[in-house]
Protein chains: 2
Amino acid sequence: MTTPGFHDPVHDHERCLAEALQEAEQLCRDRGAQLTPVRRRVLELVWSEHRPQGAYELLEQLQAERGRVAPPTVYRALDFLLAQGLIHRIESLNAFVGCPRPSHVHNGQFFICEACGATAELSDPGLAERIDRSAAALGFAVNQRIVEVRGHCPDCSIQGSPNP
Amino acid sequence: MTTPGFHDPVHDHERCLAEALQEAEQLCRDRGAQLTPVRRRVLELVWSEHRPQGAYELLEQLQAERGRVAPPTVYRALDFLLAQGLIHRIESLNAFVGCPRPSHVHNGQFFICEACGATAELSDPGLAERIDRSAAALGFAVNQRIVEVRGHCPDCSIQGSPNP
DNA sequence: TTTGATACGTTATAGTATAACAATCAATCG
DNA sequence: CGATTGATTGTTATACTATAACGTATCAAA
Ligand SMILES: [Zn+2]
Ligand SMILES: [Zn+2]
Ligand SMILES: [Zn+2]
Ligand SMILES: [Zn+2]
């Protein structure tokens, strides 16, 4: 399993990727969901960085290796991966990032570095509870909690400039 | 001041709007910021509903009353209103909603009805603290906290269908 | 009067996402 | 076997969201 938090810039990312792919395959087998070549490849591309990537960014990479690929192809693959919980959509970036814990249904919290793009996902149940309590006070029925925290990761935080 | 939470569908909305506009004028006077006719009108349009509205939705209304208006006009007005804290951007909708407490700098939490669009803004300092604690544990420096809760408002919640 | 700052107008274009319909393929059934 | 069905992908066109770049108008300070 991928460790939570930000990764060392020089970590063994081959392993991140391999583990994510292996877990995705297992999970799809168990569910009878079809992780087709296109979907699998898009997942690999999403996982190629610890940074949310836009649909058209992924599209370009697909086109580089397969010739003509149209937007619906990548959007469909992304829809599938979202439905399976294998990736998350980062609303404030219109971009997508791999989920390190896809077998567990959750709404994570995303910490997004505005300098390097690196994004860490946490899942703090207490935070979800707190949101749900506010919702209950409003008589609001929660479907989804979107929490995206913008700022600077440890590598990009500079002493003396708290919010550059 | 606008009361927190969801509004009764038949509340006195003229008053919501009038109060928001008056507070905006006061606040801009105090800051030496120019609430020009275009900006003021866009703010009125945003406040015409307790539901986030898209830039092009606002643009259409401007065009209906002023003839040719181009997208930059409305985006510039929105940028100004955002900078002054008079409106908030809802990332998951690409839309904008009036802030009921513009004189107080904050990152609110938005509860968004997926049925009728109605959106309530809360500002729970404890929630922000909790996010900041997670951030601190990651060594992450927070600039902005985006919290958008999707679900159903009291008027649209139906007994027996928790997450329709 | 010149200058600089601010806001707004105008045109074009970039970036994100989906609708609609055709083609393919594998599994199933009469 | 041939037909039917459902899931996936291909293809084309279009809708929706946002900004770049440059020109104009206004006003106040120098
Ligand atoms: Zn990694
Ligand atoms: Zn109202
Ligand atoms: Zn607010
Ligand atoms: Zn509702």
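Residues numbered from 1 in each chain as written. Chains lettered and ligands numbered in written order. Predicted model: local features only at pLDDT ≥ 70, side-chain atom pairs only at ≥ 80, totals over all residues. Heavy atoms only, no water.

Another aspect to go through is the coordination of the zinc ion (ligand 2). Residues and elements named next belong to chain B. Donor atoms from the polypeptide that coordinate the zinc ion (ligand 2) comprise His11 (NE2), His13 (ND1), Cys16 (SG) and His50 (NE2), at 1.7 to 2.3 Å from the metal. What the four donor atoms of the zinc ion (ligand 2) show is an angle range of 103 to 118° at the metal, which sorts the shape as tetrahedral. Judged by relative accessible area, which is 18%, His13 ranks as buried. A relative accessible area of 7% means that Cys16 is categorised as buried. (Donors = N, O, S within 2.8 Å, 3.2 Å for Na, K, Ca; no water. Tetrahedral: all angles 85-135°; square planar, octahedral: opposite > 155°, others 65-115°. Buried < 20%, exposed > 50% of the residue type's maximum accessible area, 1.4 Å probe, protein only.)

All names here are of chain B. Protein coordination at the zinc ion (ligand 3): the donors are His88 (NE2), Cys99 (SG), His106 (NE2), Glu121 (OE) and Glu121 (OE), at 1.9 to 2.7 Å from the metal. For the zinc ion (ligand 3), all donor residues lie on one chain, and their spacing in sequence is H-x10-C-x6-H-x14-E. Residue His88 is located in strand 1 (residues 87-90), and its partner Cys99 is located in the loop between strand 2 (95-98) and strand 3 (109-113); the two are separated by 11 residues in the primary sequence. You can call His88 buried: its relative accessible area is 13%. Relative accessible area serves as the criterion here: at 3%, Cys99 is assigned to the buried category. (Helix = DSSP H or I, 4+ residues; strand = E, 2+ residues; numbered from the N terminus.)

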